[in-house]
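A look at the structure
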Amino acid sequence: MVQFLGNPSAAGELIHMVTLDKTGKKSFGICIVRGEVKDSPNTKTTGIFIKGIVPDSPAHLCGRLKVGDRILSLNGKDVRNSTEQAVIDLIKEADFKIDLEIQTFDKSDEQQAKSDPRSNGYMQAKNKFNQEQTTSNNAGGGQGMGQGQGQGQGQGQGTGGMNRQQTLQKRNTTFTASMRQKHSNYAEEDDEDTRDMTGRIRTESGYEIDRASAGNCKLNKLEKDRDKEQEDEFGYTMAKINKRYNMMKDLRRIEVQRDPSKPLGLALAGHKDRQKMACFVAGVDPNGSLASVDMKPGDEIVEVNGNVLKNRCHLNASAIFKNVEGDKLVMITSRRKPNDEGMCVKPIKKFPTASDETKFIFDQFPKARTVKVRKEGFLGIMVIYGKHAEVGSGIFISDLREGSNAELAGVKVGDMLLAVNQDVTLESNYDDATGLLKRAEGVVTMILLTLKSEEAIKADKEAEEKKKEEAKKEAEKPQEPATAEIKPNKKILIELKVEKKPLGVIVCGGKNNHVTTGCVITHVYPEGAVAADKRLKIFDHICDVNGNPTHVGSMTTLKVHQLFHTTYEKTVNLTVYRADPPELEKFNVDFMKKPGKELGLSLSPNELGCTIADVIQGQYPEIDNKLQRGDIVTKLNGDSLEGLTFQVCYALFKGANGKISMEVTRPKPTLRTEAPKA
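Conventions and cut-offs
Residues numbered from 1 in each chain as written. Predicted model: local features only at pLDDT ≥ 70, side-chain atom pairs only at ≥ 80, totals over all residues. Heavy atoms only, no water. Helix = DSSP H or I, 4+ residues; strand = E, 2+ residues; numbered from the N terminus. Buried < 20%, exposed > 50% of the residue type's maximum accessible area, 1.4 Å probe, protein only. Contact = heavy atoms within 4.5 Å. Areas by Shrake-Rupley, 256 points an atom, 1.4 Å probe, with all protein chains shown as cover. Patch = residues over 30% accessible without salt bridge, like charges linked within 9 Å, V, L, I, M, F, W, Y side chains within 5 Å. Salt bridge = Lys/Arg side-chain N within 4 Å of Asp/Glu carboxyl O. Disulfide = S-S within 2.5 Å. Core = buried A, V, L, I, M, F, W, Y, C linked by side-chain atoms within 4.5 Å. Polar contact = N/O pair within 3.5 Å; in protein donor to acceptor, adjacent residues only side chain to side chain. Pairing = 2+ DSSP bridges. Phe/Tyr/Trp six-rings, centres within 6.5 Å; stacked < 30°, edge-to-face > 60°. Arc of directions from axis to C-beta. pLDDT = per-residue confidence, 0-100.

1. A word on the overall build of the chain
- For the chain, the helix and strand inventory stands at 15 helices and 35 strands.
- When the 678 residues of the chain are sorted by exposure, 46% land in the buried category.
- Within the chain, contacts between residues separated by at least 24 positions form 66% of all contacts whose residues are at least 6 apart in sequence.
- Of the accessible surface of the chain, which amounts to about 36,500 Å², a share of 49% is contributed by carbon and sulfur atoms.

2. Some points on a nonpolar patch on the surface
- Nonpolar side chains collect at one region of the surface, where Leu644, Val648 and Leu652 lie side by side and expose about 210 Å² of accessible area between them.
- By the secondary structure assignment, Val648 is in helix 15 (residues 646-655).

3. Looking at the state of the cysteines
- A full pass over the atoms with the stated rule returns zero disulfides.
- We note that Cys344 lacks a disulfide partner, and the nearest cysteine sulfur, in Cys313, lies 9.9 Å from it.
- Taking the relative accessible area as the measure of exposure, Cys344 reaches 41% and is therefore partly exposed.

4. Structural notes on the nonpolar core
- One finds Ile494, Leu496, Leu503, Leu536, Ile542, Phe564 and Leu574 to be the most contacted residues of the largest nonpolar core, which totals 25 residues.
- Taken together, the elements giving at least two residues each to this core come down to strand 24 (491-497), strand 25 (505-508), strand 26 (519-524), helix 12 (529-533), strand 27 (541-545), helix 13 (557-565) and strand 29 (571-577).
- Setting aside chain neighbours within four positions, we find Ile542 in contact with Cys519, Ile521, Leu536, Thr550, Phe564, Leu574, Thr575 and Val576.

5. Notes on the side chain of Asn305
- Relative to the assigned elements, Asn305 resides in the loop between strand 15 (300-304) and strand 16 (307-308).
- A polar contact is formed between the side chain of Asn305 and the backbone oxygen of Lys328, at a distance of 2.9 Å.
- When neighbours within four sequence positions are excluded, Asn305 is seen to be in contact with Glu208, Ile209, Phe234, Tyr236, Val324, Glu325, Lys328, Leu329 and Val330.

6. Comments concerning the pairing of strand 26
- Along strand 26, five of the six residues are buried, which leaves the element largely enclosed by surrounding structure.
- Inspection of the sheet shows strand 25 paired to strand 26 by four bridges, in the antiparallel sense. Each bridged residue has a counterpart across the sheet, and for Val505 the counterpart in strand 26 is Val524.
- In this sheet, strand 27 lies alongside strand 26 in antiparallel orientation, the contact comprising two bridges. Looking across to strand 27, one finds that Cys519 is bridged to Ile542.

7. Focus on the environment of Phe591
- Structurally, Phe591 is set in strand 30 (residues 584-593).
- Since its relative accessible area comes to 3%, Phe591 is described here as buried.
- Sequence spacing of Phe591 and Ile660 is 69 residues, and the spatial spacing of their C-alpha atoms is 5.5 Å.
- Not counting chain neighbours up to four residues away, the residues in contact with Phe591 comprise Leu599, Tyr620, Glu622, Ile623, Gly658, Lys659, Ile660 and Met662.

8. Structural notes on the packing of aromatic side chains
- Here the structure, examined in full by the defined rule, presents four aromatic pairs.
- Between the aromatic rings of Phe646 and Tyr650, the centroid separation amounts to 6.3 Å while the plane-to-plane angle is 40°, which identifies the pairing as tilted. One end of the pair, Phe646, and the other, Tyr650, are both in helix 15, four residues apart, so they sit about a helical turn from each other.
- In this structure Tyr650 comes out as partly exposed when scored by relative accessible area, which is 46%.

9. Here we look at helix 2 (residues 84-93)
- The set of residues buried in helix 2 consists of Glu84, Val87, Ile88, Leu90 and Ile91. Projection of helix 2 onto a plane perpendicular to its axis shows the buried side chains occupying an angular sector of 160°, all on one side.
- Turning to helix 2, the residues buried within the fold contact strand 3 (30-40), strand 4 (43-53), strand 5 (70-74), strand 6 (77-78) and helix 5 (221-226).
- Taken from the residues just after helix 2, Asp95 is the one with a positive phi, measuring 65°.

10. Thoughts on the confidence of the model for the chain
- Model confidence for the chain is summarised by a mean pLDDT of 80, while 83% of its residues fall at 70 or above.
- Taken together, the stretch residues 1-12 has pLDDT below 50 and engages in 30 contacts with residues farther than four places along the chain or on a different chain.

11. Thoughts on the pattern of salt bridges
- Across all of its chains, the model carries 25 salt bridges by this definition.
- In this structure, Arg578 and Asp540 form a salt bridge, with 2.8 Å as the shortest nitrogen-oxygen distance. Placement of Arg578 in the loop between strand 29 and strand 30 and of Asp540 in the loop between helix 12 and strand 27 is noted, with a sequence separation of 38 residues between them. With respect to class, Arg578 is no different from Asp540; both count as buried.
- Several salt bridges converge on common partners, so that one network encompasses Asp232, Glu233, Arg253, Glu255 and Lys328.

12. Regarding helix 13
- Listing the buried residues of helix 13 in full gives Thr557, Val560, His561, Leu563 and Phe564. Mapping the buried residues of helix 13 onto a view down its axis gives an arc of 145°, with all of them on the same face. The exposed residues of helix 13 that point more than 90 degrees off its buried face are Leu558, Lys559 and His565.
- Summarising the contacts, the buried residues of helix 13 are in contact with strand 25, strand 26 and strand 27.

13. A few points about the pairing of strand 24
- Burial along strand 24 is one-sided: the face carrying Ile492, Ile494 and Leu496 is buried and the face carrying Lys491, Leu493, Glu495 and Lys497 is not.
- Both strand 24 and strand 29 contribute to a ladder of seven bridges, which runs antiparallel. Bridge assignment links Leu496 to a residue of strand 29, and that residue is Val572.

Shown next, in the form of C-alpha cells:
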C-alpha cells in the first residue's frame, strides 16, 4: 500500500508511505545500511538506506521500494539519525507489519514503478551502488559495491541508453556505506535459535551453566563478526547478553571477587505482582563485598555465573549465590527507572536485615514443622530430588542413618525439605540442596513437611470413591413419596395431601393442543394443594396421575385438564420429571388491536409474566390460531413482564393500542410417557 505525501522536487526527490505485511513470509525482505548521499559538491544527506531487496519478499512485491531509497520513519518513529541496530530492533519489535516513510531520489524510477507495480524490486537498484551494469543476485538479497576510496565510497552507473556522464548530471549522487561491504545486513535474518534450552551444559572453560544462559546464546555470522569481545569462562560477551535479554533495559555485566571473611551484603526482593517472578536488589550493604560495584536498589538480577534468575523466585537466589563455584561472581543486571513497575518493598538502607525469608512457607504449608539437628561431622540424612502426588516436585529425605541426630530429632524418611537455615529449597535442584546441607555447621535448622505415603494417598482415594458410591446408592434408593425431593432430570413419585382441596394448577397438553408430547405445569395458584406442598414448580412434566399415564398424544385437552380439576379425597400420586434446563420454545405473536375492542385474553399472574387462563374465540384471528390456555406471555411490545406485579401487567395490556407484539413462552417437553396398549 502506497500513500503519496508530496510532489517530486526539482532534484527528483519523492516522499511516500509504504506498508509492508510479512504474514506468511519469513521476513520483510529489506537490507539496510547507515550511509550518506551527496546532493551537491557541498551538501550531503545521511541516514538509513535500503541496500538490498529479497526477491518475492513483501518489500519486492509491493513494487514501491528500490535500492538506495532512504527510510525517514518507521511506524511513526523518526529514524533519520538512528543507528543501524536501532532500526533493526524497531523492525524486530514490529511483529508482522511496518509502516515506512520513504524518500526516493530518482523521479524517473518512481514513474517507471507506477507503470509496472510488479517490477523486480531486487533489480531496481539501477546500479546506484554498482560500477557494473548488472547487480549481483544471491539468495540473501544482493549487495551493490562501488569504487572504493577507503570508506567504501562508490558512484552509480546509468542504464537504459544513458552514458555515465548523463546519469551523473541527472542524479549527481554519491553513496558512502558505513558497514563492512562483504555482508548484507538483513534486519530479520537472526538465525533463530531452536535448540532445547532446558538443563545445563559446560562451557569451554569447564564451568557448568544453564542452557538458557546468555553464555550459551547463539550469534549469527554477522553478529560474530561484529563481536570482538573475548568470551569469559561463563561464555559471556555483551553482544550475547544484549541478544539474550534484548527486551530489557540498560543491561550491565558486573564482576566481583568474593571475600570469604565478608558477607555479600545483598538484600533481595520479589516482584510486587505476586503472579510474576523476579529477583530485585532491595539494598546493598556498604560494608559488604558488593559495596564497590555499580549496583543499586531496584536493579533486576537476571543471571549469576551462568545461572538464570530471570522468572525465578527471589527466595531461591541466596542458595544459588552460595552454591556457585569459585570466588568470582559475574552478574547480569538490568537497571530500571525509579517509576518502573517492579520491586515489592522499599529500598533497604539498614543492614543486616532481620527479615526471615522462610516465614511464607508456613502460610503455604500450615502443617510444616521446624526441626533443629546438631551437625557432628554429618547430619545423618540423604536427600533425593523427586515428585510427590500431593505437592509436586521437590527435595525429599530418602534415607536416615540409624541412631543419627537427625533420626533422634524426628526427621522421617519421605519428609519434604522446605528450607535449610533460612535458605528456601522449594525450587532448588539436588545440587543446590546438598550444597546447603554440606556447608551448614553447628545446629542446623530445617523446615520439613511430613507427607502421606503413596499407599496412604491410594487408600484415601479408594475411601473417597467408596463414599461417593455409597452416596450414589443412597440417592438411588426409593424415597417416601410423601417427602420425596424432586431432583433434576430424574423421574420421581410424589404424594400430595389434598383433602378434597383443588390442585390449583394450569397445565398444557392434549392431542388437540399445541403441546402433544407431555403434560406440563405452566401456572400454580397460591390457594391450591400444589402450592401448599411447595415441591412442584412451573414447567415440571407430569408423567402420570395415580398410576394413569398422561399420554397426551391420545388424550384430548379436556381429558388432560379434568385430571387436574378433579376433586381427590385425601391424596393424589404424581410421577414428576423436572428437566434442567427447562424444555421450552419461544415465539412472537403480532397483530393490530382495534380501538375499543378487547384482546379476548383472560390472564393470571405469573413469576415469568402472565399466564393465559382462557382465550375468548373470535376476537382476533391471529390469537385464535396461535395462543392457547397455559401459554405464558413474557414480553409485551419488547418490554419484559418478568417480576412485574399483576396490576402493572394488566395496566400494560389494557393501555396497549395499535400494533401489538407479544413474546410467548410454551413448554416443549420430550416424550416420556408410553402410549397405552390397545
